[in-house]
Amino acid sequence: MYLKKLDLRGIRNLQSTQLCFHPQINFIYGDNGSGKTSLLEAIYLLGRGRSFRTTNPTTVLNRQTDDLLIAGAVQPPTSASVIPLGMHRRRSGEVILKVRGERIYASSGLAEALPLLLFNSDSFLLLEGGPKGRRSYLDWGVFHVEQSYREIWSRFQRVLRQRNSALRHGKIDPGLLAAWDTEFVGLAGKIDDFRKNYIDRLIPTLESTVTDLIQDLPDIHFDYYPGWDRSKSLADVLSADFSGDKQYGMTRHGPHRADLRVRVGRNSAVDLLSRGQTKMIVAAMQLAQGRLFNTLSGRRCLYLVDDLPSELDTGHRCRLAELLSRLGSQVFVTGVEKDDLIQSWPVVEKGDCGVFHVEHGEIKNETLG
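All of the points below concern the structure found in this document.

Definitions and cut-offs
- Numbering of residues starts from 1 in each chain and follows the order in which that chain's sequence is written.
- Two thresholds apply to this predicted model, a pLDDT of at least 70 for residue-level local features and 80 or more for giving and counting side-chain atom pairs, whereas whole-chain, interface and lining totals are computed over all residues.
- Hydrogen atoms and water are omitted, and side-chain values are computed over all heavy atoms in the structure.
- The pairing criterion is simple: DSSP has to find at least two bridges between the two strands.
- Secondary structure elements are taken from DSSP: a helix is a run of H or I of four residues or more, a strand is a run of E of two residues or more, and numbering for both begins at the N terminus.
- Here, residues are in contact when the closest pair of their heavy atoms is within 4.5 Å.
- For helices, the fitted axis covers only the stretch in contact; all axes are lines through C-alpha atoms, and the angles between them, taken along N-to-C directions, range from 0 to 180 degrees.
- To form a nonpolar core, buried Ala, Val, Leu, Ile, Met, Phe, Trp, Tyr and Cys residues must be joined to one another through side-chain atoms within 4.5 Å.
- Per-residue accessibility, obtained with a 1.4 Å probe over protein chains only, is compared with the maximum for each type, and a residue is labelled buried under 20%, exposed over 50%, and partly exposed between these values.
- Each salt bridge in this description consists of a side-chain nitrogen of Lys or Arg and a carboxyl oxygen of Asp or Glu lying within 4 Å of one another.
- Planes of paired rings set the category: under 30 degrees apart is stacked, over 60 is edge-to-face and the rest tilted, where pairs are Phe, Tyr or Trp rings (Trp by its six-membered ring) whose centres lie within 6.5 Å.

What about the sheet that holds strand β11 (residues 267-268)?
With antiparallel pairing, three strands are arranged side by side in an open sheet as β9-β10-β11. Of all strands in the sheet, those with a lone pairing partner are β9 (220-225) and β11, marking the two edges. The pairing of β9 with strand β10 (residues 259-264) spans six bridges and is classified as antiparallel. Across the sheet, Tyr224 pairs through a bridge with Leu260, a residue of β10. Set on the sheet, helix α3 (residues 131-145) makes contact with β9 and β10; between it and β10 the angle comes to about 105°.

What to know about the nonpolar core
Grouped together as the largest cluster of nonpolar side chains are 73 residues, with contacts concentrated most on Phe27, Ile281 and Trp345. A total of twelve residues in this core trace back to one element, the largest contributor, which is helix α5 (residues 174-213). Excluding residues within four positions of it along the chain, Phe27 makes contact with Val333, Leu341, Ile342, Trp345, Val348, Cys353, Gly354, Val355 and Phe356. In terms of nonpolar packing, the next biggest core, distinct from the first, is built from 39 residues, Leu19, Ile70, Val99 and Leu304 among them.

Considering the pattern of salt bridges
Taken as a whole and assessed by the stated rule, the structure comprises 21 salt bridges. A salt bridge links Lys338 to Glu366; its shortest N-O distance comes to 3.4 Å. Highlighted residues: Lys338 in helix α12 (residues 338-344) and Glu366 in strand β15 (residues 362-366), separated in sequence by 28 residues. Through salt bridges that share partners, Arg163, Asp181, Asp245 and Arg252 make up one connected network.

A short note on the packing of aromatic side chains
Geometry of an aromatic ring pair is reported as the spacing of the ring centres plus the angle between the planes. The full count for this structure, using the stated rule, is nine aromatic pairs. Measuring from centroid to centroid gives 4.8 Å for Phe21 and Phe332, while their planes differ by 90°, and the two rings are edge-to-face. Of this pair, Phe21 sits in the loop between β2 (17-20) and β3 (25-29) while Phe332 sits in strand β13 (residues 331-335), placing them 311 residues apart in sequence. As far as burial versus exposure is concerned, Phe21 and Phe332 are alike and both buried.

Right under this line is the structure:
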């Protein structure tokens, strides 16, 4: 499965254009500020319905236009027919999403059709940042494995908001709280089961990927924390800590506080590893998800790698490129210098890749020569 075509209009500084991509590696090069990352952002928008650069969607629009349009064609592995995807956003806030020509009302439909993973400066902070990013990492995998996960997580979020609202406002009806807690605990258990099942399958792949990618690394352990004390039931934890929850106005235990903890011995990995080693652990985590996704679904996700030369040294770049090549996934990788990108990859010959030069928002398809 790969992104075969992409039509763009009204995205940041990019000129309107139609592009055809190579099914495996696509090199995108140009000066800083030329629009390389904006091209990756457009692909990300098509697969996630949101930007990885901003939480304000209107900033993605070109200043000279009132709307943006992204249309893509995904080539499935077992069909000659492409899957058309589309996103149309107006400055007024209206968003129209389409899959196979039919309007959809949740971005998860895009994610199902175009599963993708991102390497950029923020994703390399996966270990150094808080648990939220690692929960998102876990949930990406569970979402693509368990079809009912999205609906259960949405119901859980609704109950969590209701419970938190009650904690912040006046006297709580004990009967109503008991009903919410019963539903909260039931949904939390399902979410926890989904995550544990996924982690049990992911960790062996993670460990083997770390070994393939990184040499002379201390023994790394990945531990799943569900969001509450494992030795107690969640119902007992909620009951015992009710007064504290009331004081802080929030539910402090549950799957919304889960984490994937990465340790060397008894210590957090980020406290012992170098910056370069930490980045490679994150790269291994992303690669492992792609491997497991392929094993469980028979499909391959797409990888976006932004500014690879500035994030990793030459040796680490080459090892990462080697493993990405083995996956057989479609990859889009950006950098300032074309030669730096090509030399990082396993043998690349004419016709074996796509090469795109971005200059002042104009994207030109080049022939490798």
